[in-house]
Structure formats: C-alpha cells, structure tokens
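Observations on chain architecture
Chain by chain, the residues:
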Number of protein chains: 2
Amino acid sequence: MPVFTEYSAASRELRVLPSFAPPLPRLTSRIAAGNEEKFEVVIVGAGPAGLMLELLLARYGLDDDSLLCVDAKPTTLKSGQADGLQPRTLETLKSLGLADEILCEGCQMWQVAFWNPSDDKDKIIERTSIVPDVAVPARYPHEVTIHQGRIERILETDLLRYSKRGVQRNTNLLDVKIDEVGDTEFPVVAEVETNGQKRTVRSKYLVGADGAHSVVSRCMGLKLEGESSDHIWGVVDLVVDTDFPDIRRRCAIHSPSGSVMIIPRERIATGEYLTRLYVQVPGDVKPDSDQQPIDGTGVASVSDARSRRGQVTEKTIFENAAAAFKPYYIRPKKDGAVDWWAAYQIGQRVTNSFSVKDSAKVNRVFIAGDACHTHSPKAGQGMNVSMMDSYNLAWKLIYSINGLTPYSEGQPDGILDTYHTERHTIAQELIEFDRAFSSMFSGKIGASKDGAGSLTHGEFLEVFSKGNGFTSGCGIEYPENMIVNRTLKEDNNPIHGTDYLSGVLRPGRRLLNVRIIRHADGYRRDLQDDFPSTGRFRILCLTSSDLLNPRGISAQTLKQLSQLIGRFPQSLVEQVAIHPRLPKDFMWNDVPSELKLRSEMSFYSGYEMDDVYGIYGVKPEKGAVAVIRPDGYVGVVAELADVGRVATFLEKCIRTI
Amino acid sequence: MPVFTEYSAASRELRVLPSFAPPLPRLTSRIAAGNEEKFEVVIVGAGPAGLMLELLLARYGLDDDSLLCVDAKPTTLKSGQADGLQPRTLETLKSLGLADEILCEGCQMWQVAFWNPSDDKDKIIERTSIVPDVAVPARYPHEVTIHQGRIERILETDLLRYSKRGVQRNTNLLDVKIDEVGDTEFPVVAEVETNGQKRTVRSKYLVGADGAHSVVSRCMGLKLEGESSDHIWGVVDLVVDTDFPDIRRRCAIHSPSGSVMIIPRERIATGEYLTRLYVQVPGDVKPDSDQQPIDGTGVASVSDARSRRGQVTEKTIFENAAAAFKPYYIRPKKDGAVDWWAAYQIGQRVTNSFSVKDSAKVNRVFIAGDACHTHSPKAGQGMNVSMMDSYNLAWKLIYSINGLTPYSEGQPDGILDTYHTERHTIAQELIEFDRAFSSMFSGKIGASKDGAGSLTHGEFLEVFSKGNGFTSGCGIEYPENMIVNRTLKEDNNPIHGTDYLSGVLRPGRRLLNVRIIRHADGYRRDLQDDFPSTGRFRILCLTSSDLLNPRGISAQTLKQLSQLIGRFPQSLVEQVAIHPRLPKDFMWNDVPSELKLRSEMSFYSGYEMDDVYGIYGVKPEKGAVAVIRPDGYVGVVAELADVGRVATFLEKCIRTI
C-alpha cells in the first residue's frame with residue numbers, strides 16, 4: 001500500500017521478538033547482585049529434571065544472581081537413555097510453548113500391537129490385537145518418542161532466553177550440608193569443583209536432580225528403598241532391516257524364545273527411522289547389584305562387574321532378538337546402523353524422603369527425578385516423572401522465595417511440605433505399577449490358553465490398560481493436603497459423577513482439556529491454552545444458566561470473585577469463565593461488567609464444541625467454581641455461590657495485600 | 001534404569017539438533033568458493049518476499065558463495081505495515097516448520113462482524129451479522145494477524161541456521177543491468193553500495209524484492225499499470241479503550257459517518273491486545289500521487305507532499321473513528337497506547353512483466369512482492385501474495401540452477417517462464433478483486449434497503465464471500481502451462497465433480513489437506529505433512545479397491561510408478577499412497593512390495609477419518625494418480641493405469657538419469 005504519512009512508536013520493535021513468560025511478582029527483597037557465592041536456589045544436575053526446574057525458576061523471575069545450576073558433564077549432549085514422552089508431559093510442554101518441535105519431529109506413537117505364541121506351529125508368533133497406545137482422554141492421545149538429548153537441548157535453548165549463564169558445566173558436587181551456624185539465611189552449604197577448582201556455594205535451597213547415584217541424596221543420608229529383580233534386559237537403538245509387519249508400532253512380543261518390546265522412534269537426518277528394541281536376556285544376576293555405579297567405583301569388585309558385563313553384548317542382544325522375532329528376520333540395516341545399546345537390570349526403588357529440613361523445620365534440600373525413584377524403562381516413565389517432579393516443585397519454591405505465600409521468610413512454609421506429600425505418593429505408585437508390569441513382561445505367555453502357571457494375554461492386556469491412567473500421566477491424583485482440598489459434604493458438592501479419568505472435576509487431578517469458543521472473537525480454542533505455566537492461580541467459573549439475570553447467582557458470584565481477585569497481588573490470580581447454553585444471544589452489556597473486566601479474553605461458550613459441563617460433571621443450571629493451581633491441577637471445587645470456600649483455599653496458598 | 005553396560009555411536013549427538021531441510025541434489029558444477037563478486041542469485045530486499053526467497057534457496061542448498069541478499073535498511077526491525085496471514089500462507093509456513101509461533105502467538109481471526117446503519121435512530125449502527133472469516137475448506141480455517149516484523153524475524157532466525165551471512169544490510173542497489181559481453185555465465189551486473197562503499201556484483205539471476213518503489217523494476221524499465229483512486233484512509237495500531245462489543249472481531253463498519261474496518265491483533269508483552277483500525281478519511285487527493293516515495297525524493301514537490309500529509313494526522317484519524325463508532329466510544333487506552341499510524345491512498349497497479357530476459361531468451365531478472373503489485377491493505381493480501389510470489393519462484397530457480405530440469409545451462413529454461421505466467425495471473429486477479437472490494441468498502445450502505453444509489457449489505461457480503469476463495473489463497477488456480485496440465489479428455493478423466501474449492505483435484509490448484517491414518521503405525525496425520533516444502537515432486541497414488549489383487553490395476557500401477565521414480569535423480573520424486581476401504585484387513589505382505597519400498601511411511605487409509613476419495617473427486621473402484629509440484633499445487637492427474645501421462649509430465653519438469 002502506498003503510504004504517505006507514517007509514525008511509529010519505539011515499542012513497536014518489541015513486537016517482533018518471541019514472547020517471554022511474564023515473571024511473578026516479588027514481595028521479598030531481591031538477593032544482592034554480584035555476590036557469587038550465595039544463591040537462592042542451587043540445582044545439582046542438568047538432566048531433564050534439573051533443566052526443567054532451572055527453566056521454570058528462570059521464567060518465574062529468578063535471575064543468574066539468584067539461581068545456579070551445575071552439572072558434572074561438559075556438554076548438554078548425552079547418550080540419553082530415555083525416549084518417551086507421555087500425554088500429560090506433552091500437555092505440560094505445550095503449556096510452556098515447547099511442544100511444537102517434539103510433536104512435529106518426534107515419533108507420535110498411536111498404537112500398540114500385541115504378539116503372542118501362535119497355535120499354528122509354522123507361524124510361531126501371531127498378532128493378537130492392536131489397541132490405542134493411549135486409552136484415556138488427553139489433549140494429545142498418543143505418546144511421543146524422541147531422543148532425551150533433544151528434549152534437554154530444547155529446554156536449554158529456551159533457558160538461554162532467560163538466563164545468560166545457563167548451566168555451569170564441568171562442575172561436580174563434592175559435598176552438601178545444612179549449616180545453620182554460619183549464615184541462617186543461606187544455610188545450605190555445597191562444596192563444588194569446576195575443572196579442579198574447589199569452592200563453596202551457599203544457598204537458601206538446594207535441589208538434587210543428580211540421578212540414580214545422587215550425591216545430594218547420599219550426603220543427606222536419604223535411602224533408596226525397594227529391590228532389584230533378577231531379570232536382565234538389553235536395549236538397542238538402531239535403523240533396522242526387517243520384514244516384521246509391525247515394526248513401526250509399539251509392540252509387546254511374547255515369543256517362545258523370550259520377550260521383546262519395540263518402540264518406534266523418530267526420523268533421523270538420513271531420512272531413515274530409528275527403532276528401539278528392549279530384548280530379554282536369559283540368565284540371572286545377583287539381586288541388588290544395580291546399586292553399584294557403572295564406572296566401577298563403589299562396593300562391587302571390579303571382577304564382579306566385569307563378569308556381569310560379559311553376559312550381555314551387542315551380539316547377544318541381536319541373537320536374542322532374532323530368536324524372539326522368528327519367523328521374521330531382524331538385523332541392523334547396515335554397518336553403523338546401531339546408535340546406542342546398553343544392558344540393565346530391572347529394579348524398583350524409591351527414596352524415603354524427597355526433602356530435608358533444617359532445625360527450624362524449613363525444607364532446605366530437595367531431590368527430584370531419578371534421585372527419587374529408579375525403575376524399569378519399558379513403561380516410558382522415567383523422563384516424564386522426573387520432569388513432573390520439577391514441575392511440581394518449581395512453583396512452590398518460587399512462591400515461597402518471592403513471599404507470595406502467607407508465611408514469613410525463614411519460617412516453615414507449608415507449601416514446601418506438599419512436594420514430598422504429592423510426589424512421593426506418585427513415586428510409590430510408579431514403582432508398584434512398574435513391578436507388576438515388568439514382571440508380567442518378563443514372564444511367558446502360554447501358547448494354549450490353559451498353559452499351567454503361565455500368563456494369559458488377557459491378564460497382560462488388563463494390567464497394561466488399567467495402568468494407562470497412570471502411565472499416561474493423565475490419571476494421577478495427588479492426595480489430600482493443604483493445596484488439594486476434597487473436604488466437601490455431599491450436599492454441597494456441585495460435581496456429579498466419579499469418572500475423573502474422563503474429566504469430572506476432582507481436586508488433585510489435572511484439568512482435562514476441552515474445546516471451547518471464545519465469546520469475544522469466536523476463536524475455537526483449547527481451554528488448556530488459558531492455563532499456561534506462568535505460575536498463576538486461576539479461578540475457573542462455570543457460570544449457570546441464569547447468567548443473563550443481573551440478580552442471579554452467576555452475576556453475584558462473578559462480582560464476588562472479582563473482589564476476591566483484587567485482594568491478591570496483581571496478576572497472581574486470573575479468571576477463566578464458561579457459560580452453558582443460555583436462553584438468548586447476548587452481548588457484553590447483557591452480562592455483569594466484572595466478567596469483561598476479568599475475563600474479556602477468557603470467556604467461552606461451553607456447549608458448541610465439547611459438552612464442557614457434561615465432561616466436568618457440572619449441572620448447567622447450578623454451575624460451579626474451581627481453583628486451578630499453577631501446575632494445572634484442580635485445588636478445590638465449590639458451589640457457585642460459595643465464594644467463601646474459594647477464598648479460604650486461596651488464602652492458604654497466597655498472601656493477600 | 002540402572003545400566004551396567006553401554007555403548008553409543010558418535011552420530012547419536014546429531015539426534016539432538018533441530019532437523020534441517022534436506023538440500024536438493026545438484027547435477028551442475030558448484031560455483032567456486034570465495035569469489036565474492038559472483039553469485040548464482042542476488043536478491044534485492046529483505047522484506048517478507050526477499051526473506052522467503054533467500055530462506056527457500058538456502059534450504060534447497062545454495063550456500064553463501066552462491067546466494068546474496070542485500071537490503072538497504074540497517075536491521076530486520078521495521079514499522080511493518082502488513083499484519084495478516086491468510087490460510088494458504090499458513091499452510092505454506094507449516095510446510096516449512098515455521099507455523100507454531102505464528103499460530104500460538106498471533107491473533108487467530110475466526111469471525112467477521114458486519115455493522116451497518118440502523119433503522120433505529122438511537123442505535124445509529126447495529127450488527128447485521130457475524131460470519132466465519134474463512135468460508136472455504138482449509139487446514140487452518142482462520143486468518144492470523146501478527147506484526148510483519150515478527151514474520152521477518154521468524155524467517156531470518158531460520159535462515160541463519162542455513163546461511164552464516166544472512167542478509168547483507170545497509171546495502172543499497174544503485175543500478176542493475178544485463179551485460180552479455182563481459183561474462184556470459186554471470187550476465188547480471190548490479191552496482192551496490194554498503195555504507196558508502198560502492199562495488200559491482202555479478203550474478204546469474206537477480207530478484208528484485210525491493211518494494212513498491214523497486215529500483216530493480218525501474219532499472220529494467222518495467223511499468224506499473226493501473227491507477228489510484230481518490231480515497232484516503234488512515235490506519236492505526238493501538239491498545240484501545242472502547243465499549244464497542246465486537247472489538248475483538250474483524251469488523252466492517254459502514255456508519256453514516258464513514259467506514260471503519262477493525263482488525264484484532266496479537267497480545268503484546270503488557271498482556272494487552274493490539275487493535276488495528278482502518279478509518280476512512282473524507283477529502284480527495286490527486287490521482288497517481290502514490291507514485292512518490294514518502295521520503296520526498298522523486299518527482300513530487302516537497303510542498304505538495306507536505307500539504308497532502310497535513311490532511312491526515314493521528315488526531316483526524318481518531319476524530320473520524322469516533323464519529324463512525326457512535327454511539328460507542330473508542331480511544332487509545334492511555335498515553336503511548338498508539339503503536340503506529342499511517343495514511344495511504346488506495347490504488348491498484350500491477351507490473352507488466354515479472355521477469356526480464358537476456359538476448360538468448362534466458363530469464364535473468366525477476367521481480368517479486370510489492371515490486372509486482374500494489375493495492376489496498378484491507379483484504380490482508382500484501383504480505384501473503386508477496387511471500388507466495390517467492391514460494392512460486394524459488395523451486396523453479398533452484399531446479400534450473402542445479403540442472404534438475406531437462407534444459408542445458410545457459411539455454412532458455414521453460415520452467416522459469418512459468419513464474420510470470422502463474423504469478424502475473426494472480427496479481428491481475430488480486431487488483432481486480434481489490435478494486436471491487438475497496439470501492440464497495442469506501443461506499444455507503446443505505447440505512448433503508450432501498451436507498452437510491454447506495455450499496456446494500458447483501459451486495460457487500462456477496463463480494464466479500466465470493467472473494468474468500470481468492471483472499472484466503474486457497475482457491476487460486478494457475479493457468480494452463482508446462483507445469484499445469486489440464487489436457488485430459490473427458491473419458492480419460494478420473495476426477496469427478498467441479499467443486500475444486502472443496503478439494504476436487506484440479507491441476508493448478510493446491511492439494512487440500514485431509515486427515516488420514518498411516519498404515520505402518522496408525523498415526524492420525526495431516527496429509528499435507530507429507531508434502532513439506534523441501535523442493536521434491538510427489539506422486540500421489542490413490543489406489544483402487546483392487547489393491548489386494550496382485551494382478552490388479554493398483555498393483556500394476558504401483559510397480560510402474562516405482563520404476564518411473566527410479567528414473568529421476570535420487571530423492572527428487574517421492575510417493576504418497578492412499579487406499580480406499582478394502583474387502584479385508586491386510587499386512588505388508590498382502591500388497592505389492594514396491595508399496596513398502598516407496599511409501600512405507602507415507603501409505604494411508606483414506607476413509608477412516610476424512611472421506612479422501614469423496615473430497616478429491618475420485619471413485620474408489622477406479623483410483624487416480626496425481627503429480628503434486630514442490631509448491632503443493634497439482635500438476636497433472638491421470639487414470640490409475642495411465643502412468644505414461646505421469647511420466648510425460650514429470651519428464652518435462654525433471655531430467656532423467
């Protein structure tokens with residue numbers, strides 16, 4: 001267009017950059033800049049758990065003066081072991097704006113095929129069934145497999161938008177202790193070594209995300225509880241050459257010659273596709289031998305380690321795989337087609353406590369990720385549960401540090417206790433599920449249905465399907481605690497039904513995504529996009545069918561909620577509102593002005609795309625209110641008029657102004 | 001998982017990086033490295049058209065020794081004028097992996113509201129209707145509005161993954177000519193000046209993407225044809241304070257006091273949302289005055305420019321807007337809420353030729369973007385048509401440069417002629433549509449339906465809706481030419497129906513996206529994701545219901561297609577195959593082995609999600625084959641058995657080996 005007059009503001013240049021997550025308000029004083037040896041948070045380990053935590057804290061507003069993450073390794077690249085992202089993890093990554101590369105370039109795994117011994121001897125094995133890989137409602141109804149190193153690179157790339165330093169590498173943790181004599185404000189003392197240079201770093205909090213052989217855990221005297229089985233498995237990533245028909249589906253193969261699991265993987269630069277195989281290796285190992293690190297330090301004798309290693313080689317893995325795939329062939333496509341292989345022993349352990357307090361009962365040291373739980377890899381849980389540990393901890397930590405909770409600095413902050421309460425519960429469930437699943441997977445399925453002592457396909461499928469609520473991450477439920485309030489009497493409960501997995505609102509569970517249409521502009525949208533991981537609480541108001549009545553319950557509730565929101569620090573509580581089918585079309589001036597004030601761009605029709613009220617278990621004529629925590633989990637539900645219940649809940653979490 | 005043996009290949013580290021687009025094969029010799037003054041392609045201008053072209057050529061494989069893009073401005077940031085992305089442009093950006101930030105952070109514009117004079121005098125204006133903003137089938141059924149500078153930044157960020165130099169800035173083009181005496185291989189001679197330093201740059205091809213006042217166009221003696229109207233409009237981007245109910249919808253307001261168009265815009269860092277207003281300004285200007293650049297150079301006298309500028313100010317724009325919005329109020333939310341404003345005059349012009357040939361009839365100089373066409377901004381076309389010019393040109397240029405076409409280097413290459421043929425047609429249609437749309441938009445709509453001489457809402461809506469096939473970019477159709485073959489006799493035509501806008505296959509139109517399920521893994525996928533913009537031709541084989549018959553037509557065709565693909569340079573022709581409902585379930589060994597060989601990861605069920613055969617106008621019992629060009633447009637269609645027709649088409653485009 002031919003322009004002949006033009007003016008532009010300098011701020012216009014800001015419009016071209018990628019959006020930044022808005023930091024949280026801070027009510028406490030900031031740490032003095034440049035004091036290199038004191039940090040508010042020190043993170044040890046930059047795997048998926050450590051990077052996720054550092055990224056979240058940096059986005060929430062901790063700068064390089066407040067936040068330090070150290071890692072022993074020299075680079076971000078690793079022979080990553082994990083490769084699976086579960087639906088709930090994908091939702092979380094989406095809420096951080098980090099899902100696109102993963103969804104587009106990872107391998108979307110939509111189906112699982114089960115192969116079992118065939119009654120027909122020539123066939124040896126046959127496909128018993130194909131089922132959806134994810135059987136529960138989720139925004140992304142599939143897993144994604146992708147190299148763990150790529151996830152770490154995606155997290156770190158984003159981190160470097162918020163932190164100049166990023167991860168301090170080549171830095172080992174030597175020791176950590178709580179020293180309340182020297183400096184009560186920064187009582188956690190860590191001895192670290194960077195390229196041979198030792199130094200002492202003090203902090204308010206320290207998080208050990210340093211893996212299964214966690215130094216933090218050892219220094220703090222935390223104990224892994226549980227045991228190892230005697231099953232050994234080999235795992236290999238490669239480009240395969242095979243005539244097996246389901247090589248691009250996740251497969252559980254129970255053959256007469258042992259079990260194999262196929263995990264299809266992403267496309268690589270050659271245009272070929274990777275495949276991961278888990279292959280059962282015959283032979284026993286001594287229980288508990290997973291306690292020794294692979295570098296040979298620790299209690300195991302070198303010769304013992306050597307003899308165990310000798311049992312599993314690339315050659316034996318392929319021999320075992322070839323036997324299990326018969327009558328089909330499988331081999332590496334060409335020389336150099338094997339990307340990575342390893343052998344491991346199945347064991348399920350969970351650390352007894354996920355945090356350590358000082359003498360004043362203030363939680364000072366936390367552990368997250370593999371430092372908390374070790375288990376078998378085949379259910380694709382490790383990287384997910386680890387990142388979700390950090391996702392659970394991060395907002396609690398920043399609320400406490402920024403003075404946003406109703407506790408005083410240096411006093412025990414109840415919100416920090418909920419980390420262990422919530423995540424230890426999940427870790428326990430994880431290892432219990434994994435124990436059942438792994439042992440069934442290592443067992444044999446009889447060719448005939450009545451094979452004495454052997455597993456039936458039906459039994460295996462049942463464990464697999466029942467576990468899907470847990471393994472997908474979509475069905476996990478945090479126990480009752482100060483930020484999960486289920487103390488509602490039946491006659492005050494606005495929620496009907498108990499099919500929580502399908503979306504019925506339930507404190508302790510994540511808010512299921514639904515599709516809605518925005519009032520302001522007709523945008524057909526995913527509700528979860530109004531719950532980005534910016535650390536804010538949200539009130540979800542499901543207004544009732546009386547919304548257009550200025551003296552109705554909905555109108556009253558919206559007015560009260562608006563007042564309530566105003567009592568908390570600016571921007572900390574947002575409102576999302578939904579309406580059911582109403583008697584007539586309406587414009588903004590037909591509804592309370594508070595609705596436009598608080599929810600102009602977050603007010604939706606809840607019946608034109610998905611039946612939101614039906615899915616959430618809310619009666620349109622009654623409505624309901626829920627508080628959704630910063631991590632997307634429902635904190636409390638209340639009847640529409642019962643704003644007091646909402647207020648009581650929020651006041652326990654957030655300081656009023 | 002506790003690992004006790006581990007091995008990894010070095011190549012594993014490659015797995016963590018973002019994917020790169022695979023370059024095209026090159027059959028001609030490469031330009032010698034380090035020869036700074038000779039390039040295969042020089043691009044002038046780094047707006048959306050220039051950047052899109054540079055990015056595509058870099059992805060296709062031209063390195064910094066072969067490719068130079070210069071721009072007069074010092075940085076990428078600009079007071080960008082354009083802000084609208086149309087559905088077809090979004091599909092194109094998606095095919096480049098560049099859509100996510102735009103879709104998530106731009107403003108998705110789903111609806112248009114029409115406001116017209118009300119019969120009720122107190123109301124003044126009233127909403128006549130709300131209609132979908134995009135009324136034609138498209139992968140993204142909405143527009144997106146976002147700052148043009150942000151699009152440029154997204155393109156440049158990606159460019160810098162492929163090119164170290166990126167754009168050479170602060171560099172003006174002084175002159176360009178074709179000099180066939182000095183160096184016949186690099187006959188295009190450009191005089192450029194970087195920070196006062198003049199130098200001469202020779203190239204095989206030069207593309208002028210240097211805007212409405214194109215120096216390339218002027219030096220080559222190309223002429224803009226068309227004329228300006230006498231309508232002046234103001235345009236302003238701001239954060240508004242208003243009680244107008246549809247401020248977040250695209251609105252066409254015809255009020256008794258003039259017309260306004262509202263374009264809702266993206267959210268900015270403050271959390272507020274931008275709005276763009278186009279406001280009609282009363283008063284005339286001299287026709288043709290849009291020929292003078294705004295910096296005062298050129299033929300217009302300084303005093304003339306000054307007097308015209310004086311007619312439109314920020315104040316007059318808001319006065320006119322306030323009058324048109326009555327009885328609603330509208331104003332900037334606070335001081336500094338105005339981001340940008342400008343005044344422009346509507347005019348429609350198209351350049352007579354989009355390329356210039358040397359004496360051997362080889363196309364040497366091209367123009368793209370605003371250098372080709374100027375028009376009013378209100379239909380949101382400018383940035384789209386400009387980028388699509390480059391998208392059309394890029395693959396043709398690289399095919400010619402890399403020796404992939406059946407022409408000899410330095411000889412006229414027919415594929416380069418098709419750029420003008422195809423894009424000039426679109427530019428003509430653009431200015432014709434824009435002339436009708438703008439003049440109706442600047443006209444008055446009568447309060448009473450019978451208002452003599454005035455426009456009715458129905459008439460306006462009809463132009464708006466009919467134009468949507470064109471404005472969305474989804475309905476454009478390239479004319480018959482060597483890469484659009486419609487010469488099919490009726491009894492050989494496998495395509496039924498003529499509703500091309502809804503997807504019926506038609507040479508010259510883009511392949512509509514459909515949802516399909518992949519045979520290999522059950523992935524529920526968008527078909528367009530198998531047509532990324534990597535410069536490859538694809539054969540789309542819609543197999544018939546006899547696919548499971550080893551002697552059927554489908555099997556024969558697949559075998560012949562596989563042979564055909566093998567005759568072209570490696571990787572240049574890909575195959576995508578779809579099957580209709582078949583008499584029974586099948587595995588890979590039930591279909592021709594060529595299908596797995598060519599389409600293991602691009603073979604789909606075409607009936608479980610969308611009715612692909614129905615949408616594409618193909619009978620399942622007959623099937624069909626189509627060739628899809630590298631830009632996603634259908635080149636030719638043929639009956640299933642008629643592989644000869646496919647071969648003839650491809651052999652005109654691609655050299656055989």
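Note that the structure is predicted; figures quoted are calculated from it, not measured. (Residues numbered from 1 in each chain as written. Chains lettered and ligands numbered in written order. Predicted model: local features only at pLDDT ≥ 70, side-chain atom pairs only at ≥ 80, totals over all residues. Heavy atoms only, no water.)

With that settled, consider the overall build of chain A. Across its full length, chain A carries 15 helices and 28 strands. Computed over the C-alpha atoms, the radius of gyration of chain A is 26 Å, within 12% of the 26 Å expected from 2.2 N^0.38 for a compact globule of 657 residues. Counting over 657 residues, chain A shows a buried share of 62%. Across chain A, the fraction of contacts at a sequence separation of at least 24, relative to all contacts at a separation of at least 6, is 75%. Summed over all atoms, the accessible surface of chain A reaches about 23,900 Å², with 50% contributed by carbon and sulfur. Computing the positive centroid from 77 side-chain charges and the negative centroid from 86, chain A places the two 2 Å apart. (Helix = DSSP H or I, 4+ residues; strand = E, 2+ residues; numbered from the N terminus. Rg over C-alpha atoms; globule rule 2.2 N^0.38 Å. Buried < 20%, exposed > 50% of the residue type's maximum accessible area, 1.4 Å probe, protein only. Contact = heavy atoms within 4.5 Å. Areas by Shrake-Rupley, 256 points an atom, 1.4 Å probe, with all protein chains shown as cover. Lys, Arg positive; Asp, Glu negative; His and termini not counted. Charge placed at Lys NZ, Arg CZ, Asp CG, Glu CD.)

A word on the side chain of Asp521 of chain B. Take Asp521 of chain B: it is sitting in the loop between β22 (515-518) and β23 (524-526). With a relative accessible area of 2%, Asp521 of chain B lands in the buried category. At a separation of 3.0 Å, a polar atom in the side chain of Asp521 of chain B contacts the side chain of Arg518 of chain B. Those residues in contact with Asp521 of chain B that sit more than four places away from it in its chain are Gln108, Trp110, Gln111, Arg248 and Arg249 of chain A together with Met601 of chain B. (Polar contact = N/O pair within 3.5 Å; in protein donor to acceptor, adjacent residues only side chain to side chain.)

Glancing now at the state of the cysteines. A covalent bond between the sulfur atoms of two cysteines is referred to as a disulfide. This model, assessed by the stated rule, comprises zero disulfides over all chains. This cysteine, Cys251 of chain A, is not joined by any disulfide, and Cys107 of chain A carries the nearest cysteine sulfur, 12 Å off. The class for Cys251 of chain A is buried, based on a relative accessible area of 0%. Free of any disulfide, Cys69 of chain B has its nearest neighbouring cysteine sulfur in Cys372 of chain B, separated by 15 Å. (Disulfide = S-S within 2.5 Å.)

Residues and elements named next belong to chain A. Pairing within the open sheet is mixed, and its seven strands lie in the order β23-β22-β26-β25-β24-β27-β28. Strands at the two margins of the open sheet, each flanked by one partner only, are β23 (524-526) and β28 (634-638). Averaged over all adjacent pairs, the angle separating strand axes in this sheet is 30°, with direction ignored. The sheet contact formed by strand β22 (residues 515-518) and β23 spans three bridges and is antiparallel. The residue of β23 that forms the bridge with Ile516 is Arg525. Contacting β24 (537-542), β25 (573-579), β27 (624-628) and β28, helix α15 (residues 643-653) crosses the sheet at an angle of about 155° to β28. (Pairing = 2+ DSSP bridges. Axes fitted to C-alpha atoms, helices over the stretch in contact; angles between N-to-C directions.)

Compared with the 21 Å implied by 1.5 Å per residue over 15 residues, the 22 Å span of helix α4 (residues 148-162) of chain A between its first and last C-alpha is a close match. For α4 of chain A, the set of buried residues is Gln148, Gly149, Arg150, Ile151, Glu152, Arg153, Ile154, Leu155, Glu156, Asp158, Leu159 and Tyr162 of chain A. (Expected span 1.5 Å × (residues − 1).)

If you look at the interface, chain B gives 76 residues, while chain A gives 76 residues. In total, chain B and chain A occlude about 7,700 Å² of area from one another, counting both sides; carbon and sulfur atoms represent 54% of this. The tally of links between chain B and chain A comes to two salt bridges. Across the salt bridge formed by Asp339 of chain B and Arg15 of chain A, the nearest N and O atoms sit 2.9 Å from each other. Summed over the shared surface of chain B and chain A, the number is 20 residue pairs in polar contact (both at pLDDT 80 or more). When residues of the side of chain B that touches chain A are traced back to their parent elements, those giving at least two are β1 (3-8), α3 (100-105), β6 (111-117), α4 (148-162), β12 (224-238), β16 (273-281), α6 (302-311) and β18 (338-351) of chain B. Take the side of chain B that touches chain A: its biggest share by element is eight residues, from β18 of chain B. (Buried area = accessible area lost by both parts, 1.4 Å probe. Salt bridge = Lys/Arg side-chain N within 4 Å of Asp/Glu carboxyl O.)

Moving on to the sheet that holds β23 of chain B. Residues and elements named next belong to chain B. Read across the sheet, seven strands follow the order β23-β22-β26-β25-β24-β27-β28 without closing on themselves; strand pairing throughout is mixed. The sheet terminates laterally at β23 and β28 (634-638), the two strands that pair on one side only. When strand polarity is set aside, the average angle formed by the axes of neighbouring strands in this sheet is 30°. As paired strands, strand β25 (residues 573-579) and strand β26 (residues 603-605) are joined by three bridges and run parallel to one another. In the sheet register, Ala577 faces β26, and the bridge partner there is Phe603. Here helix α15 (residues 643-653) sits on the sheet in contact with β24 (537-542), β25, β27 (624-628) and β28, set at roughly 155° to β28.

Residues and elements named next belong to chain B. Across the interface, helix α1 (residues 48-60) lies against helix α8 (residues 382-401) with an axial gap of 8 Å and an inter-helix angle of 30°. The orientation of α1 with respect to α8, classified from their angle, is roughly parallel. Both α1 and α8 take part in a crossing whose hand is right-handed. Residue-level contacts link Pro48, Ala49, Gly50, Met52, Leu53, Leu56, Leu57 and Tyr60 of α1 to Met383, Ser386, Met387, Ser390, Tyr391, Leu393, Ala394, Trp395, Leu397 and Ile398 of α8. For the contact of α1 with α8, a count of residues per class yields 15 nonpolar, three polar and no charged. (Parallel < 35°, antiparallel > 145°, perpendicular 65-115°, else oblique. Left-handed = near helix turned anticlockwise from the far one by under 90°. Nonpolar A, V, L, I, M, F, W, Y, C, P; charged D, E, K, R; others polar.)

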